[in-house]
Amino acid sequence: MAVLGKFIIDLRLDGYHFCLLANNGQLLYDSTGFASEEGVMKGIETFKKACEGNDFVIYQDKFGRFRFVLNKRYFGEDYKDRAQCEKVTASVQRFAKDSVVVPYTPDPEKEQAYAEAKANAKTGKDIDWEAVKNEPVQPSGKFEVEEEGDGYHFSLMANNGQLMFYSRSYATEKSCVEGIRTFQKAAYIGNFIIDKDKFDRYRFVLRSGSGVIVYIGESYTTKDRALKSVESVKKFARSATIVFPYRG
């Protein structure tokens, strides 16, 4: 008889998430937000099929952190060593196929908070971009574009070297730079949400003006530190210069 884990559905300010849990309750994967309950159910099925395809890659970033990347689409949590990451990856493969889906339990309070967050979100149309171009900017911080493992990534770094955001993978250098431009606009529009994940860590979730592209920040042990990271991103994202260390 198969040892079953479970998929649970959690509604947060940025949408419906699904979480894959092992049979001992260990969190194996926490998804990004979906717009609806129907969407998250479809997301679970797509994730399960991706796991069956077994297209997992263990990736180490330039900060020495390990994560699994599945089907170039699903990104696991960061781990300090490869062995721990490989163990979680094997568990995801083991449990995803046969895990039961626990039906979503409606929560009026969460649903109201989610609806309010959607209603208050700004779009690019709310910004006078011509006026923005003429605003004085003091250059600070930097976007570092790196060619690593599975493609190109960009990192937003503060003047003191603090990491504020680490991107997903892009296929080409050009698309990575375009990704920086989109991130800069999203940060200026400012649809930031502080999310508490199933590891009890806090991080910001930033949506683009269209509401489609989602950026997830670094993890912090307190909400206050996550809020400070938002202010830093707002401060540095627009003025940071773009550098290419691998070019020499």
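The following paragraphs examine the structure supplied in this document. In this text the structure is predicted, and so the values were computed from the model without any measurement. (Residues numbered from 1 in each chain as written. Predicted model: local features only at pLDDT ≥ 70, side-chain atom pairs only at ≥ 80, totals over all residues. Heavy atoms only, no water.)

Quick word on the overall build of the protein
Counting secondary structure elements, the protein contains six helices and 14 strands. Since a compact globule built from 248 residues should have a radius of gyration of about 18 Å, the 19 Å found for the protein is in line with a globular shape. Considering only C-alpha atoms, the protein reaches an extent of 65 × 45 × 30 Å along its principal axes. A burial count over the protein gives 45% of its 248 residues as buried. Relative to all contacts within the protein whose residues are 6 or more apart in sequence, the contacts with residues 24 or more apart total 54%. Only carbon and sulfur atoms are counted for the fraction: they give 50% of the accessible area of the protein, which is about 13400 Å². Here the protein contributes 37 positive and 35 negative side-chain charges, whose respective centroids are spaced 1 Å apart. (Helix = DSSP H or I, 4+ residues; strand = E, 2+ residues; numbered from the N terminus. Rg over C-alpha atoms; globule rule 2.2 N^0.38 Å. Buried < 20%, exposed > 50% of the residue type's maximum accessible area, 1.4 Å probe, protein only. Contact = heavy atoms within 4.5 Å. Areas by Shrake-Rupley, 256 points an atom, 1.4 Å probe, with all protein chains shown as cover. Lys, Arg positive; Asp, Glu negative; His and termini not counted. Charge placed at Lys NZ, Arg CZ, Asp CG, Glu CD.)

Section: the packing of aromatic side chains
For any pair of aromatic rings, the description rests on two quantities: the centre-to-centre distance and the angle between the ring planes. A full pass over the atoms with the stated rule returns 26 aromatic pairs. Geometrically, the ring pair formed by Tyr29 and Tyr74 is edge-to-face, given 6.2 Å between the ring centres and 80° between the ring planes. A residue pair is termed long-range when its members are at least 10 positions apart, and Tyr29 in strand β3 (residues 27-30) and Tyr74 in strand β6 (residues 74-75) qualify at 45 residues. Each member of the pair, Tyr29 as well as Tyr74, is classed as buried. In textbook terms, an aromatic cluster arises when at least three aromatic residues are bridged by ring pairs, as seen for Phe7, Phe18, Tyr29, Phe34, Phe47, Phe56, Phe68 and Tyr74. Across the ring face of Tyr170, the terminal group of Arg168 is positioned such that the distance to the ring centre comes to 4.1 Å. Sitting above the plane of the Phe244 ring, Arg247 keeps its charged end 3.8 Å from the centroid. (Phe/Tyr/Trp six-rings, centres within 6.5 Å; stacked < 30°, edge-to-face > 60°. Lys NZ or Arg CZ within 6 Å of the ring centre and 35° of its normal.)

A closer look at the sheet that holds strand β12 (residues 202-207)
Taken in spatial order, the three strands make up an open sheet running β11-β12-β13, and their pairing is antiparallel. The strands lining the two open edges of the sheet, one partner per strand, are β11 (191-196) and β13 (214-216). Neighbour-to-neighbour, the strand axes of the sheet open up by a mean angle of 25°, direction not taken into account. By the bridge criterion, three bridges tie β12 to β13 in an arrangement that is antiparallel. Bridge pairing links Val205 to Ile216 in β13. Together, β11 and β12 form the strand contacts of helix α6 (residues 223-237), whose direction differs from that of β11 by roughly 155°. (Pairing = 2+ DSSP bridges. Axes fitted to C-alpha atoms, helices over the stretch in contact; angles between N-to-C directions.)

Focus on the sheet that holds strand β4 (residues 56-60)
Spatially, β4-β5-β6 is the arrangement adopted by the three strands of the open sheet, whose pairing is antiparallel. Each edge of the open sheet carries a strand with a single partner, namely β4 and β6. The sheet contact formed by strand β5 (residues 66-70) and β6 spans two bridges and is antiparallel. Looking across to β6, one finds that Val69 is bridged to Phe75.

Topic: helix α3 (residues 108-120)
Here α3 is 13 residues long and its end C-alpha atoms lie 18 Å apart, about the 18 Å a rise of 1.5 Å per residue gives. Between the side-chain oxygen at the start of α3 and the backbone nitrogen of Glu109 there is a gap of 3.1 Å, and the oxygen is on Asp107. (Expected span 1.5 Å × (residues − 1). Polar contact = N/O pair within 3.5 Å; in protein donor to acceptor, adjacent residues only side chain to side chain.)

As for unusual backbone geometry
Phi at Asn54 is positive, roughly 60°, even though this residue is not glycine. Looking at the secondary structure, you find Asn54 in the loop between α1 (37-53) and β4. By relative accessible area, Asn54 is classed as partly exposed at 44%. With phi around 55°, Asn71 is a residue other than glycine that occupies positive phi space. Take Asn71: it is sitting in the loop between β5 and β6. Owing to a relative accessible area of 38%, Asn71 belongs among the partly exposed residues under this scheme.

Comments concerning the nonpolar core
A general trend in soluble globular proteins is that nonpolar side chains are found buried together. Grouped together as the largest cluster of nonpolar side chains are 27 residues, with contacts concentrated most on Leu20, Phe47, Leu70 and Val92. Mapped onto this core, the elements with two or more residues apiece are β1 (6-12), β2 (15-21), β3, α1, β5 and α2 (82-96). When neighbours within four sequence positions are excluded, Leu20 is seen to be in contact with Lys6, Phe7, Gln26, Leu27, Leu28, Tyr29, Phe47, Val92, Phe95, Ala96 and Ser99. Of all hydrophobic cores here, the second largest spans 23 residues; its members include Val145, Phe165, Ala186 and Tyr215. (Core = buried A, V, L, I, M, F, W, Y, C linked by side-chain atoms within 4.5 Å.)

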